[in-house]
Structure formats: C-alpha cells, structure tokens
Amino acid sequence: MTTTKSSSPGEFSPTRFKATQRANWDAMSGGWLTWQEKFERGATPVSERLIAAAGIRPGQRVLDIGTGVGEPALGVAELVGADGAVTAVDLSEEMVRIVRRRAGELPESAGGLEALQGDVETLELPENSFDAALSRWGLMFAVDHVAAFGAIARALRPGGVLAASVWGEPQDAPMVSTGFRVLAERLDLPKPPAGEPSPYSMADNTKTEAELRAAGFAEVEITDFVAPFWLADPGEYVEFYRTCSPPGLLTMIEQKFGSQDDPGTWDAIAASVEPFREADGVIRLPSRTRVLRAVVPG
Ligand SMILES: C[S@@+](CC[C@H](N)C(=O)[O-])C[C@H]1O[C@@H](n2cnc3c(N)ncnc32)[C@H](O)[C@@H]1O
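Residues numbered from 1 in each chain as written. Predicted model: local features only at pLDDT ≥ 70, side-chain atom pairs only at ≥ 80, totals over all residues.

Attention shifts here to the packing of helix α4 (residues 145-155) against helix α6 (residues 205-214). α6 packs onto α4 with a crossing angle of 50 degrees between their chain directions and a minimal axis gap of 8 Å. Of the possible angle classes, the one that applies to α4 and α6 is oblique. In terms of crossing hand, the pair formed by α4 and α6 is right-handed. Across the interface between the two elements, H145, V146 and F149 of α4 pack against E211, L212 and A214 of α6. (Axes fitted to C-alpha atoms, helices over the stretch in contact; angles between N-to-C directions. Helix = DSSP H or I, 4+ residues; strand = E, 2+ residues; numbered from the N terminus. Parallel < 35°, antiparallel > 145°, perpendicular 65-115°, else oblique. Left-handed = near helix turned anticlockwise from the far one by under 90°. Contact = placed C-beta atoms within 7 Å.)

The structure is reproduced here in structure tokens:
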C-alpha cells in the first residue's frame, strides 16, 4: 500500500508506522534471539499446527512471512529436505541477518533457506512459485490486510495453501498481553491512532475471512489453538519483557521513573503473572491464537 498523504502527529501515518516497526524489530532482534528457546516452548506446537494445516511435505517450496529470528522457516527447511526450499521474509534487516546466519548452521539434509528483507504488503516474489505460505504471528502488523493476503496469494501456485497464526483477543493471550497491560497503566500510554496495526489487528474472524476472500483466497477456515507457553518463575517473564520490548517503551520507563531498571515497573510485571502459578510452581500462560487456513483456487 502506498500513501503520499502527509499526516499530523496524532494521526496514523502508514509510512511512519512502517519505519518505526522496522527500527523496533531491528532493535529487538538480539533480544528475540536470546529468548528464542524459551519462546519456542509455546510456539513450536503452533508451528506444528501450521505445518499440518498447510500439509507441508518433503520437496515443497515454502514461504515464511514475518519470520523473525527464523521460525517456522528453519524447522520447515529440515522438513522439506534437500529437494525442497524455503524463502523467509521479514521487514527487519537485522532479523534477516540472524536468519541467514542460522540457515548456515542447518544440516546438509535440509532444503535451501533464502532470507529476504521485505514487506508482506509489497512482496516482490515470482508469481505461482510456492506450494505453501506460513506465518507465525507476522501478518497482524500489515497496514492493508487485503494487500498483504493478495501478495501472498500471487506468490502461491494454484492450490497453494496459506496457514498463519495471528492473535485473537488480548485477554486470551496472557503471554503477550499481561506485561503490556502493566506497562500501559504505569506509563499511561495513549490510545494508538485509529487504523494503527497491533498484535490484535486480525482478531475479528468475520473481517479477516472477508479480507482473505477479497484477496482471492477460497476454502477459508479460522480455528483456535492454544499455545502452551510456560515460565519457570516470574523473573523469566520480566526477562522476556525487558529483552523483547520496543526500545521506546524502555525509554518511557526511564523518562517517567528515572531509570529503565525502575523496580516498581519490573516488580509489577513479575506480580502480574503470579496468578498463573500452578501447584508445581510453574507459571503457565496458555495463549489462544487464531489459525488461518486458506487456499488459492486451483
Ligand atoms: C512477533 S514477530 C514473529 C517472529 C516469528 N515468526 C516467530 O513466531 O517467532 C513478528 C515479525 O514480523 C515482522 N514484520 C512486521 N511487519 C512486517 C511486514 N509488514 N512484512 C514482513 N514482516 C513484518 C517483524 O519484523 C517481526 O520479525
């Protein structure tokens, strides 16, 4: 989507939003890499669900959109094997750099993994060239959903399948929403401008289904899946929020409370997950996600 209209500070500007997104994900890339293993406790079952929904098998060509530090792309490269191939796309150059390095560590039996910097709304990939497209929590940040789904549909061959996870309602996804609720209260965060994408931009199934169909997809199915995130203790949740939050939020903590280490903030985030502690001491944050499945008519 292109827009040349200039916007005032409180108004949503797609151009400014994309630039901020790119800078934020660049800055968070190292944190996401550090946290990757613990995040996969809840996220790998989602990848497995997407892989099953798309019917991915050896020899296929697969696209992964918003790959972050490389999932599900890296796992899928092993699954499709040497006769298959994976293209992983991310808006953030730093994420792409990490994925390229990690791709070099794949076993020889894996399919080739090419990582490209790009925006899902303006993908410049050869048409009809993928058997399946996956995205694990990457599509909700698109400004124009139909443009994003349309670009993916064009890259898929007829009969090609899109399988993607996107967040539903914030209260159903405590892994991502609990800490943010604390930060929003403590920092008195203003309501984002109307139209600004968020992790929950694809929570409305009726709207998302209409957008998928408007982009040319058929056989649309939207189901729910619970990602079984867990933490050994509240300190792990604090670590997650410190390493995987946009730098602007940390700056706001410093400005309001004098230091990014402000104990009041981090203690409140730790306390926010205590209600999820179970009898064995483990903090379980099962988080319900939507799973979109749609097919390009063959
Ligand atoms: C929540 S992370 C998910 C990363 C990974 N798929 C995972 O599940 O661990 C979202 C990713 O989407 C990327 N992203 C955001 N907007 C995008 C866009 N318009 N096009 C492509 N990637 C985008 C971000 O840079 C970020 O790496």
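What follows deals with the nonpolar core. Counting 80 residues, the largest nonpolar core has A133, I152 and L162 as the members making the most contacts within it. In terms of residue count, helix α1 (residues 14-54) provides more of this core than any other element does, eight residues in total. Non-local contacts of A133, meaning those with residues more than four positions away in its chain, are made with L63, I65, I152, A155, L156 and L162. (Core = buried A, V, L, I, M, F, W, Y, C linked by C-beta atoms within 7 Å. Buried ≥ 20, exposed ≤ 12 C-beta atoms within 10 Å, placed from the backbone.)

A few words on the sheet that holds strand β2 (residues 85-90). Pairing within the open sheet is mixed, and its seven strands lie in the order β3-β2-β1-β4-β5-β7-β6. Where the open sheet ends on each side, the last strands, each with one partner, are β3 (112-117) and β6 (218-231). In this sheet, adjacent strand axes meet at a mean angle of 20 degrees when their direction is disregarded. Bridging between β6 and strand β7 (residues 283-295) involves twelve bridges; their strand directions are antiparallel. Bridge assignment links A227 to a residue of β7, and that residue is S287. Set on the sheet, α1 makes contact with β4 (130-136), β5 (156-167), β6 and β7; between it and β6 the angle comes to about 160 degrees. In this fold helix α2 (residues 73-80) packs onto β1 (61-65), β2, β3 and β4, with an angle of close to 170 degrees to the strand it touches most, β2. (Pairing = 2+ DSSP bridges.)

With that settled, consider the site of the ligand. Taken together, 21 residues lie around the ligand, and W25, G66, G68, R136 and F141 are the ones closest in. Elements represented by at least two residues in the shell around the ligand include exactly α1 and β2. Along the lines of polarity and charge, the residues of the shell around the ligand split into ten nonpolar, six polar and five charged. (Near = placed C-beta within 6 Å. Nonpolar A, V, L, I, M, F, W, Y, C, P; charged D, E, K, R; others polar.)

All right, on to unusual backbone geometry then. Here the amide bond leading from E71 into P72 is cis, since omega sits at 10 degrees, within 30 degrees of zero. Counting through the fold element by element, P72 comes out in the loop between β1 and α2. Despite not being glycine, N128 has its phi angle at roughly 55 degrees, a positive value. One non-glycine residue with positive phi stands out, namely D188, at about 55 degrees. Structurally, D188 is set in the loop between α5 (174-186) and α6.

Turning our eyes to something else, we now look at the packing of helix α7 (residues 234-243) against helix α9 (residues 263-272). Axis separation between α7 and α9 bottoms out at 8 Å; the angle between their running directions is 125 degrees. As the angle between them shows, α7 and α9 are arranged oblique. The two elements α7 and α9 meet at a crossing, and its hand is right-handed. Facing α7, whose interface residues are P234, G235, Y237, V238 and Y241, α9 presents W266, I269 and A270. Tallied by class, the residues present in the contact of α7 with α9 amount to seven nonpolar, one polar and no charged.

In terms of residue burial, β2 counts as a mostly covered element, since six of its six residues are buried. Looking at chain direction, β1 and β2 are connected through five bridges and run parallel. Note on β2: the bridge partner recorded for R61 is A85. For the crossover from β1 across α2 to β2, the handedness is right-handed. Judged from the six bridges that link them, β2 and β3 form a sheet pairing that is parallel. When the bridges of β3 are listed, V89 appears paired with L116. Taking the sense of rotation as the criterion, the β-α-β connection linking β2, helix α3 (residues 93-103) and β3 turns out right-handed. (Right-handed = clockwise from strand over helix to strand, strands pointing away.)

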